[in-house]
Number of protein chains: 2
Amino acid sequence: MPKSRPPTIADVARHAGVSIATVSRVLNGTTPVQAEKADRVRLAMEELQFVPRHAARVLASKRTNTIGLLLPEISGAFFSPMLKGIEAAAHEAGYDLLVHSTQQVTTARRRLGEHNTDGLLIFTNSLAPGELYRLHSLDFPVVLLHQIPPDSLDIPVIAVENKDGAAMLIKHLIETHGRRRIVYLRGPEGHEDSVWRERGYREALETHAIAFDSSLITSGGFDDEEAFTAIQRLLEDGIDFDAVFAGDDDAAIGAMRALKLAERVVPQDVSVVGFDDVPFARYLSPALTTVRAPIEQVGREAVRQLTRLINGEQAEALTLMRTELVIRESCGCLLSSLQKEFLTRAGGETSYNESL
Amino acid sequence: MPKSRPPTIADVARHAGVSIATVSRVLNGTTPVQAEKADRVRLAMEELQFVPRHAARVLASKRTNTIGLLLPEISGAFFSPMLKGIEAAAHEAGYDLLVHSTQQVTTARRRLGEHNTDGLLIFTNSLAPGELYRLHSLDFPVVLLHQIPPDSLDIPVIAVENKDGAAMLIKHLIETHGRRRIVYLRGPEGHEDSVWRERGYREALETHAIAFDSSLITSGGFDDEEAFTAIQRLLEDGIDFDAVFAGDDDAAIGAMRALKLAERVVPQDVSVVGFDDVPFARYLSPALTTVRAPIEQVGREAVRQLTRLINGEQAEALTLMRTELVIRESCGCLLSSLQKEFLTRAGGETSYNESL
DNA sequence: TATACTCTTGAAAACGCTTTCAGAAAGCGT
DNA sequence: ACGCTTTCTGAAAGCGTTTTCAAGAGTATA
């Protein structure tokens, strides 16, 4: 047995006594094949342990059956559910998933594009605009996640209802807890989500005739460390505030840490709310009040729109996934009896009165 | 301009006045090319916006420059840092990353293997043994993460020092906090990590001459829900215990929840410790004492070993990454003053005495 | 019985690169 | 000048599929 190279379609054909074209046909089900022959082919494939070479199929058929995912970095609690949704949906649609993170120097890296994928999912600003233009001009299927396309290029976008979510949150803080001086911890520069959350924030303020105070806006960077220092700075500067709307849940953690360190009790002294409702949000203490963004769904929906594009169908220009207010404790609500005890202040100070 | 198909190497060659072989050579740097010609080629590539088709290269060169990652499911706090390490290392080594989760029915799915990757990273038991045998018999590069190969096949393994980590943890519980009836929440059936952690647990018990009590061992499934019900069952059954060693941090969360619900205070009544030190561990309250597993490093190391295998070099048969004890509060240690207040029991019962 | 279809099938032409192979050009020692 | 290397280059042969295209075998129609 000198010939130990993996079997090809030709080997299968010989073994089954048919032509390679026929093997290809039973492989792809493109054209009917006489039942008995098809069985012989299948048997031969089984016996030879034949696995078609992906590259050859791609080269011949011009379809990669692969979609690419581009993201700025792999981190934060947000990432995992999104990837889960994307992977699952891609799988179901029969696509493989190629993942690239662009946090590192992209120079000289084999890029994701027409040459190795059928379409691209692009998260936030993980791709240079130039490349985006190039792909667009090629009519290459692309879907943006949490990012509006530059120059209103007609590229489908999937995002969550940031503005509404933020507005609900702020409204709750104002109406239920009487907060009026609410800090907004903005996300990273140029981040779409952050911009819309700020609009929701302002809208809610306006509704309640509370003047916008720019000294209450600072950057928290969707990151717990950054949020931590941001709140510390506010405290040092003696800025007066009674609530913090963190740009996302990760930032909320940082905010809570800074407040605890400064002996400001959450939620009695200061309410803290986040955004996303990542898995650990409910396990913080106090449990984080936040807005649930259907992260996994966003991933699934993105794949759905992308496959449409790939199939030459029309895709939704903008898909906004509904967000939902998740009220827990960090705003001041809903202290379950078993956790209330932990919240009672040591020195016997005013213990919190359940507001619901 | 009727010809709008993407340019091929032939177009570039024509445009630069050289043969396609030469273009290929400047593309890959395989053979020296006259400087002036090389420049012409590069210029032509630039002008035509030439991007080599991945499939064609793979087909011709038999190298995919892609590695595959197979995992049971995308979830848990553990996942994200591991993927981060893998992606980064793969990127640095010049490989693309194909991700497959096998949580769903794998039937009829285009699989990962020789036909579309140069090597595979296999996490826990995300691959049927039969397929593993097949790949091994083909000498296909494979590295296992957190899983010992069946029948001691010579497949490299990357794992963390589970036994030592667990032993350190249990030792700490016994020596520093005087715990003697320590529950062990085992991970999912057949999970390698879990087995070794149990060995560490037993070893530590033995060292301190504490008899092993099988009624203290139950399954927590590396999952917060499962751990929750497991602890509840223990409580209902009236099993007496003063500490819980959760199989991992996710399970620790579930355990803490169940204990709180049963009004057993952590860490005063019961110490709880986890394993992994996932990002949120420090933010739980009380902050989780656990063992730090260098998850991201595991990912990087796995890629390193895999690329060795791909390059025909020898790989390390077993790489055990060092673990490190992370002492926080849930064992009973280190109550920072600002969090102590939250731990004081409501009814004015014995407040905890700092043990450090 | 001839005519026109409908089904199946195989031969062969792509698909876009890499890589061997041999030859041309250039450099070198004598 | 003469052979001998050493460099560089192009022609052409794959790589393993899919996909025409045309033809053969039946079947139904006339």
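Heads up: the structure comes first, above all this text.
Residues numbered from 1 in each chain as written. Chains lettered and ligands numbered in written order. Predicted model: local features only at pLDDT ≥ 70, side-chain atom pairs only at ≥ 80, totals over all residues.

Okay, the sheet that holds strand 8 (residues 243–246) of chain A next. All names here are of chain A. Strand order in this open sheet of 4 strands is 7-6-8-9, and the pairing throughout is parallel. Looking at the sheet topology across the chains shown, the edges are occupied by strand 7 (217–219) and strand 9 (271–273). Put simply, the sheet's adjacent strands are angled 20° from each other on average, direction ignored. Taken together, the 4 bridges between strand 6 (residues 182–186) and strand 8 define a ladder with parallel strand orientation. Across the sheet, the residue bridging to tyrosine 184 is phenylalanine 245, located in strand 8. Each of strand 6, strand 8 and strand 9 touches helix 10 (residues 249–261); the most contacted strand, strand 9, lies at about 160° to it. (Pairing = 2+ DSSP bridges. Helix = DSSP H or I, 4+ residues; strand = E, 2+ residues; numbered from the N terminus. Axes fitted to C-alpha atoms, helices over the stretch in contact; angles between N-to-C directions. Contact = placed C-beta atoms within 7 Å.)

With that out of the way, let us pick up the protein's contact with DNA strand D. Lining the immediate surroundings of DNA strand D are 29 residues, of which A:Ile9, A:Ser24, A:Ala60, B:Pro32 and B:Gln34 lie closest. Per-class residue counts for the surface near DNA strand D are 16 nonpolar, 9 polar and 4 charged. (Near = placed C-beta within 6 Å. Nonpolar A, V, L, I, M, F, W, Y, C, P; charged D, E, K, R; others polar.)

In this chain, B:Val266 is followed by B:Pro267 through a cis amide linkage whose omega measures 5°. Along the polypeptide, B:Pro267 turns up in the loop between helix 10 (249–261) and strand 9 (271–273). Look at the link from B:Ser285 to B:Pro286: it is a cis peptide, with omega at 0°. Its location among the elements puts B:Pro286 in the loop between strand 9 and strand 10 (290–292). One non-glycine residue with positive phi stands out, namely A:Gln49, at about 55°. Even without glycine at this site, A:Asn65 takes up a positive phi of about 55°. Residue position: A:Asn65 is located in the loop between helix 4 (54–61) and strand 1 (66–71). Residue A:Asn65 is classed as partly exposed on the basis of its 18 C-beta neighbours within 10 Å. (Buried ≥ 20, exposed ≤ 12 C-beta atoms within 10 Å, placed from the backbone.)

What follows covers the pairing of strand 4 (residues 142–145) of chain A. Residues and elements named next belong to chain A. Going residue by residue along strand 4, you find Val142 and Leu144 tucked away on one face and Val143 and Leu145 tucked away on the opposite face as well. Pairing analysis gives 4 bridges linking strand 3 (residues 119–123) to strand 4, with the strands arranged parallel. Bridge pairing in strand 4 places isoleucine 122 opposite leucine 144. In this sheet, strand 5 (residues 157–160) lies alongside strand 4 in parallel orientation, the contact comprising 2 bridges. Looking at strand 5, one finds that leucine 144 is bridged to valine 157.

Lining the immediate environment of DNA strand C, one finds 28 residues, of which A:Pro32, A:Gln34, B:Ile9, B:Ser24 and B:Ala60 sit closest. For the surface near DNA strand C, the elements supplying multiple residues, two or more each, are helix 2 (20–28) and helix 4 of chain A together with helix 2 (20–28) and helix 4 (54–61) of chain B. Its residues assigned to classes, the surface near DNA strand C comprises 15 nonpolar, 9 polar and 4 charged.

Let's shift gears to the nonpolar core. A general tendency of soluble globular proteins is for nonpolar side chains to be buried together. By size, the foremost hydrophobic cluster in this structure holds 176 residues, and its most contacted members are A:Leu121, A:Phe245, A:Ala255, B:Leu121, B:Phe245 and B:Ala255. Not counting residues up to four positions away in its chain, the partners in contact with B:Leu121 are B:Ile67, B:Gly68, B:Leu69, B:Leu70, B:Ile86, B:Val143, B:Leu145, B:Ala302 and B:Leu306. (Core = buried A, V, L, I, M, F, W, Y, C linked by C-beta atoms within 7 Å.)

This next bit is on helix 2 of chain B. One turn of an α-helix holds 3.6 residues; hence residues three or four places apart share an orientation. For helix 2 of chain B, every residue scored as buried is listed here: B:Thr22, B:Val23, B:Ser24 and B:Val26. The inward-facing, buried residues of helix 2 of chain B contact helix 1 (9–16) and helix 3 (35–48) of chain B.

Take the packing of helix 9 (residues 224–236) of chain B against helix 10 of chain B next. Residue and element names in this part refer to chain B. At a closest axis distance of 7 Å, the pairing of helix 9 and helix 10 adopts a crossing angle of 40°. Classified by the interaxial angle, the pair formed by helix 9 and helix 10 is oblique. As for how helix 9 packs across helix 10, the hand of that crossing is right-handed. Residues Asp224, Glu225, Glu226, Ala227, Phe228, Ile231 and Gln232 of helix 9 form the contact with helix 10, whose participating residues are Asp250, Ala251, Ile253, Gly254, Ala255, Arg257, Ala258 and Leu259. (Parallel < 35°, antiparallel > 145°, perpendicular 65-115°, else oblique. Left-handed = near helix turned anticlockwise from the far one by under 90°.)

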